[in-house]
Amino acid sequence: MENSSIPVIVISGFLGSGKTTLLLRLLNGARTNGLRASVLMNEIGAIDVDGRLVSGETASQMLERVTEGCLCCTKKSELAHCLERLVLRQPDVILMELTGVANPEEIVEAMSEPAILGKVALHRIVTVLDAEHATDYNSIFSTDRELVHTLRRQIEAADIVLGNKADLISAKTAAKVEGMVRGRNPHCQLIPTERCAIDPMLILSGIVSRTVQTVPVSRVRASVPVQLNRKAPAAGVKHSSGTAVQTSEWNRDSPSSALADHPGGEPAAGSPSRSYTRIQTVAIYPDTAPHVSRRSFEAFFSGRGQACLRAKGYMPYGDNGAMLLFQYAGKRFEWQPADYTGTPYFVMIGIDLAEDQIIREWQKLMRR
Ligand SMILES: Nc1nc2c(ncn2[C@@H]2O[C@H](COP(=O)(O)OP(=O)(O)OP(=O)(O)O)[C@@H](O)[C@H]2O)c(=O)[nH]1
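Residues numbered from 1 in each chain as written. Predicted model: local features only at pLDDT ≥ 70, side-chain atom pairs only at ≥ 80, totals over all residues. Heavy atoms only, no water.

**A few points about helix α6 (residues 145–156)**
- Between the first and last C-alpha of α6 there are 16 Å, a value that for 12 residues agrees with the 16 Å anticipated at 1.5 Å per step.
- The buried fraction of α6 is high, at 10 of 12 residues.
- Among the residues of α6, L147, V148, H149, T150, L151, R152, R153, Q154, I155 and E156 are the ones counted as buried. (Helix = DSSP H or I, 4+ residues; strand = E, 2+ residues; numbered from the N terminus. Expected span 1.5 Å × (residues − 1). Buried < 20%, exposed > 50% of the residue type's maximum accessible area, 1.4 Å probe, protein only.)

Now the structure itself:
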């Protein structure tokens with residue numbers, strides 16, 4: 001195994017679904033099992049909030065970050081260089097967190113570049129779903145067919161789908177999510193999770209330490225060479241009933257209206273197989289500590305409906321102005337204590353964001 005290619009686990013999923021939460025769990029799981037993991041993180045915006053969270057969990061030379069664009073399209077040319085640098089460190093596994101709007105297929109294609117061919121091998125694609133909202137995406141984004149297509153491909157290309165945020169959904173919604181996933185990818189493992197709390201070895205299984213020997217294997221699939229247009233199931237995947245949700249039927253009869261033009265699961269003629277790019281980001285570095293209440297601050301994001309899909313950053317809303325990590329995902333806010341001591345900032349992610357207008361509105365809010 002020593003000279004063989006390094007397995008890559010691709011983590012995909014829409015904005016705010018829980019990818020970084022999973023990445024942190026996998027890093028922990030790898031460490032516990034004696035595996036050296038390296039990380040490639042991609043943020044669509046200029047600010048790398050998640051990279052900061054992960055950098056505390058991994059040595060800097062084992063972490064590559066790409067910001068301000070998507071590795072599956074605008075930053076595609078950087079993928080091979082980043083992987084090459086990580087390969088030099090000879091990790092046991094490379095964990096790659098994509099942006100929320102990346103098409104994993106495009107990543108797999110980019111992994112076949114001559115510079116890295118044979119040095120890395122796709123091991124598994126894991127897609128994290130925000131189970132609370134995933135079944136609504138077709139209607140929410142019905143005017144954005146590329147985005148709908150990308151989100152669909154995230155499910156179709158996955159070996160494992162985590163139905164995350166299970167704590168926020170009813171049994172009825174869980175059944176809808178299951179039906180949707182099974183309709184698009186009947187062979188994947190579908191695992192309901194809360195904060196991506198699964199046995200990390202379900203995802204890391206089959207990965208072998210390059211220095212020690214083997215690690216426990218609960219479900220093995222050897223790393224497969226990169227292949228394009230891979231239909232699930234990928235070669236060698238075993239599907240266990242284990243923790244996976246099972247469904248009796250594949251509901252073929254209810255494709256979403258937004259997908260009706262893609263019979264047979266393929267994009268319509270002329271439809272580019274690439275990532276959705278109308279998603280934009282705006283970063284704001286407030287000059288002063290905001291004097292508006294936390295509630296007014298939150299309304300700045302939640303009042304925009306779908307125009308703001310995700311926001312995150314650090315703001316001094318803790319006791320005595322202490323900095324808190326702020327996350328807005330799936331229309332919900334979360335505030336957590338943070339050891340960040342720099343200046344406050346946040347990034348907003350949405351469709352066709354009007355940057356100038358948002359900055360003006362922010363300034364107006366600050367003048368109140
Ligand atoms: N209630 C609930 N919240 C969750 C769960 N998993 C993650 N979250 C929260 O959802 C937010 C987004 O989680 P992340 O792990 O940052 O999501 P992400 O997919 O990496 O986000 P982006 O990289 O910005 O696309 C955070 O506030 C998490 O704490 C879950 O199972 N239940």
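Okay, back to it.
**Some remarks on the packing of α6 against helix α7 (residues 171–184)**
- For the pair α6 and α7, interaxial distance at closest approach is 8 Å and the crossing angle is 80°. Accordingly, the angle class assigned to the pair α6 and α7 is roughly perpendicular. Residue-level inspection shows R152, I155 and E156 of α6 in contact with α7, the latter providing M180, V181 and R184.
- Grouping the constituent residues of the contact of α6 with α7 by class yields 3 nonpolar, no polar and 3 charged. (Axes fitted to C-alpha atoms, helices over the stretch in contact; angles between N-to-C directions. Parallel < 35°, antiparallel > 145°, perpendicular 65-115°, else oblique. Contact = heavy atoms within 4.5 Å. Nonpolar A, V, L, I, M, F, W, Y, C, P; charged D, E, K, R; others polar.)

**Structural notes on the UniProt feature "domain: CobW/HypB/UreG nucleotide-binding" (unreviewed entry) in the chain**
- UniProt records the feature "domain: CobW/HypB/UreG nucleotide-binding" (unreviewed entry) at residues 7–190, using the numbering of this structure.
- From the first C-alpha to the last, residues 7–190 spans 22 Å; its make-up is 39% helix and 21% strand. (UniProt positions renumbered as here; feature names shortened; annotations may be inferred.)

**Digging into the site of the ligand**
- Close to the ligand lie 21 residues, the nearest being T21, R195, R310, K312 and E334.
- G18 places a main-chain nitrogen or oxygen 3.0 Å from an oxygen atom of the ligand.
- Residue R195 places a main-chain N or O atom 2.5 Å away from an oxygen atom belonging to the ligand.
- The protein chains hide 93% of the 650 Å² of surface that the ligand would expose on its own. (Near = heavy atom within 4 Å. Polar contact = N/O pair within 3.5 Å; in protein donor to acceptor, adjacent residues only side chain to side chain. Areas by Shrake-Rupley, 256 points an atom, 1.4 Å probe, with all protein chains shown as cover.)

**Brief notes about the packing of aromatic side chains**
- According to the stated counting rule, one finds 24 aromatic pairs in the structure shown.
- Pairing F346 with W362 gives two aromatic rings, centres 5.0 Å apart and planes at 70°, and the pair type is edge-to-face. Separated by 16 residues along the polypeptide, F346 in strand β12 (residues 345–351) and W362 in helix α10 (residues 355–367) bring together distant segments of the chain.
- With a relative accessible area of 0%, F346 lands in the buried category.
- Using a relative accessible area of 5% as the deciding quantity, one classes W362 as buried.
- Ring pairing ties together the aromatic residues F297, F300, F301, Y317, F326, Y328, F333, W335, F346 and W362, which thus form one cluster.
- Positioned above the aromatic ring of F300, the side-chain terminus of R304 is 4.5 Å from the ring centre. (Phe/Tyr/Trp six-rings, centres within 6.5 Å; stacked < 30°, edge-to-face > 60°. Lys NZ or Arg CZ within 6 Å of the ring centre and 35° of its normal.)

**Observations concerning the domain arrangement of the chain**
- The assigned domain composition of the chain is domain 1 (6–265) and domain 2 (279–367).
- Tallying the contact residues gives 23 residues for domain 1 and 24 residues for domain 2.
- Carbon and sulfur atoms make up 65% of the area that domain 1 and domain 2 hide from each other, which totals about 1,800 Å².
- Ranking the residues of domain 1 by area buried against domain 2 places I47, V49 and R52 at the top, with a combined share of 32%. (Domains from an automatic or database assignment. Buried area = accessible area lost by both parts, 1.4 Å probe.)

**What about the pattern of salt bridges?**
- In the structure shown here, the tally under the stated rule is 13 salt bridges.
- In this structure, K75 and E78 form a salt bridge, with 3.5 Å as the shortest nitrogen-oxygen distance.
- The buried category is assigned to K75, whose relative accessible area is 19%.
- The partner of R153 in a salt bridge is E156, and the shortest N-O contact between them spans 2.1 Å. Linking R153 with E156, this pair stays in helix α6, spanning 3 residues, or about one helical turn.
- Note on R153: relative accessible area 7%, which makes it buried.
- For E156, a relative accessible area of 12% translates into the label buried.
- A network of salt bridges, in which partner residues are shared, links E105, R152, R153 and E156. (Salt bridge = Lys/Arg side-chain N within 4 Å of Asp/Glu carboxyl O.)

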